[in-house]
Amino acid sequence: MLSKTMQDAFSEQIRNEFSSAYLYLSMALYFEGQSLPGFAKWMRVQFTEEQSHGMKMLDYVVDRGGTVALATFEKPAADFKSATDVFERTLAHEQKVTSLIHSLYAVATKENDYATMEMLQWFIKEQVEEEKNASLILDQLKMVGDKGSSLVMLDHRIGKRGE
Ligand code: FEO
């Protein structure tokens, strides 16, 4: 059985994961509006991934006989300026999520909850991937700039995610 402290910490992170999903859906809509379907698709995949992160945690809490308290979250940002701006925000967001996952791990450590520590290893590794992916695309956007044929070519390549 998970401690009440651990259950509350998971409920908060589940809220954060679904909030992240909504942020990426907002970014997908921005790219749809910019006629950049590849980036839009990448963000749609990200939207789905974040929901799966939330569900993975939710299922774990349920499996351990705990209770998840669902909560609302704030409206996602929609005031994006460019593709580079979106990926700067994506990287910053993932860095924040990494620190939240580390805090969750710190709670598990304090609670001597070894099963949760083991389960969170997956998320710790996943965050390394999340930051790497956002950082790589941001670097490439800085190389090609925010308009022109190079951006269209990058959009095409980024849209291959999940194929
Ligand atoms: Fe669920 Fe993007 O971390």
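Further up the page is the structure itself.
Student: What am I meant to see in the side chain of Ser20 here?
Tutor: Topologically, Ser20 is positioned in helix α1 (residues 4–33). By relative accessible area, Ser20 is classed as buried at 1%. Setting aside chain neighbours within four positions, we find Ser20 in contact with Glu50, His93 and Val97.

Student: Explanation requested: the packing of helix α3 (residues 83–110) against helix α4 (residues 114–144) in the structure shown.
Tutor: In contact at an axis separation of 9 Å, α3 and α4 are set at 165° when each is read in the N-to-C sense. It follows from the interaxial angle that α3 and α4 lie roughly antiparallel. Remark: the crossing between α3 and α4 carries left-handed chirality.

Student: Any chance you could explain the packing of aromatic side chains here in plain terms?
Tutor: Within the structure shown, the criterion is met by nine aromatic pairs. Between the aromatic rings of Phe10 and Tyr60, the centroid separation amounts to 5.6 Å while the plane-to-plane angle is 55°, which identifies the pairing as tilted. A residue pair is termed long-range when its members are at least 10 positions apart, and Phe10 in helix α1 and Tyr60 in helix α2 (residues 37–63) qualify at 50 residues. Both residues of the pair, Phe10 and Tyr60, belong to the buried class. Between Trp122 and Phe123, the aromatic rings sit 4.9 Å apart at their centres with planes inclined by 80°, giving edge-to-face as the arrangement. Among the aromatic side chains, those forming a connected cluster through ring pairs are Tyr30, Phe31, Phe39, Trp42, Phe80 and Phe87. The ring centre of Trp122 lies 4.3 Å from the NZ or CZ of Lys56, which sits over that ring.

Student: Sorry, what's going on with the layout of surface pockets here?
Tutor: Each pocket or cavity is described by its volume, and for the largest pocket that value is around 320 Å³. Along the walls of the largest pocket sit 17 residues, with Ser19, Ser20, Leu23, His93 and Lys96 positioned nearest its centre. Taken together, the elements giving at least two residues each to the lining of the largest pocket come down to α1 and α3. Per-element accounting of the lining of the largest pocket gives the leading share, seven residues, to α1.

Student: In this structure, what is going on with the pattern of salt bridges? I would like to understand it.
Tutor: Pairs can form between side chains of opposite charge once their charged atoms are near each other. Tallying each qualifying case throughout the model produces eight salt bridges. Two residues, Lys4 and Asp8, come together in a salt bridge whose shortest N-O distance is 2.9 Å. One end of the pair, Lys4, and the other, Asp8, are both in helix α1, four residues apart, so they sit about a helical turn from each other. Looking at Asp8, the relative accessible area reads 40%, which means it is partly exposed. Asp113 is the salt-bridge partner of Arg64, the closest N and O atoms lying 3.3 Å from each other. Placement of the pair is Arg64 in the loop between α2 and α3 and Asp113 in the loop between α3 and α4, with a sequence separation of 49 residues. Exposure remark for Asp113: the relative accessible area of 8% places this residue in the buried category. Through salt bridges with shared partners, a single network forms among Asp79, Asp85 and Arg89.

Procedures and definitions
Residues numbered from 1 in each chain as written. Predicted model: local features only at pLDDT ≥ 70, side-chain atom pairs only at ≥ 80, totals over all residues. Heavy atoms only, no water. Helix = DSSP H or I, 4+ residues; strand = E, 2+ residues; numbered from the N terminus. Buried < 20%, exposed > 50% of the residue type's maximum accessible area, 1.4 Å probe, protein only. Contact = heavy atoms within 4.5 Å. Axes fitted to C-alpha atoms, helices over the stretch in contact; angles between N-to-C directions. Parallel < 35°, antiparallel > 145°, perpendicular 65-115°, else oblique. Left-handed = near helix turned anticlockwise from the far one by under 90°. Phe/Tyr/Trp six-rings, centres within 6.5 Å; stacked < 30°, edge-to-face > 60°. Lys NZ or Arg CZ within 6 Å of the ring centre and 35° of its normal. 1 Å grid on protein atoms, 1.4 Å probe; cavity = no way out; pocket = protein on both sides within 12 Å on 5 of 7 lines; lining within 4 Å. Points joined across faces, edges and corners; volume = space filled by probe spheres on them. Salt bridge = Lys/Arg side-chain N within 4 Å of Asp/Glu carboxyl O.

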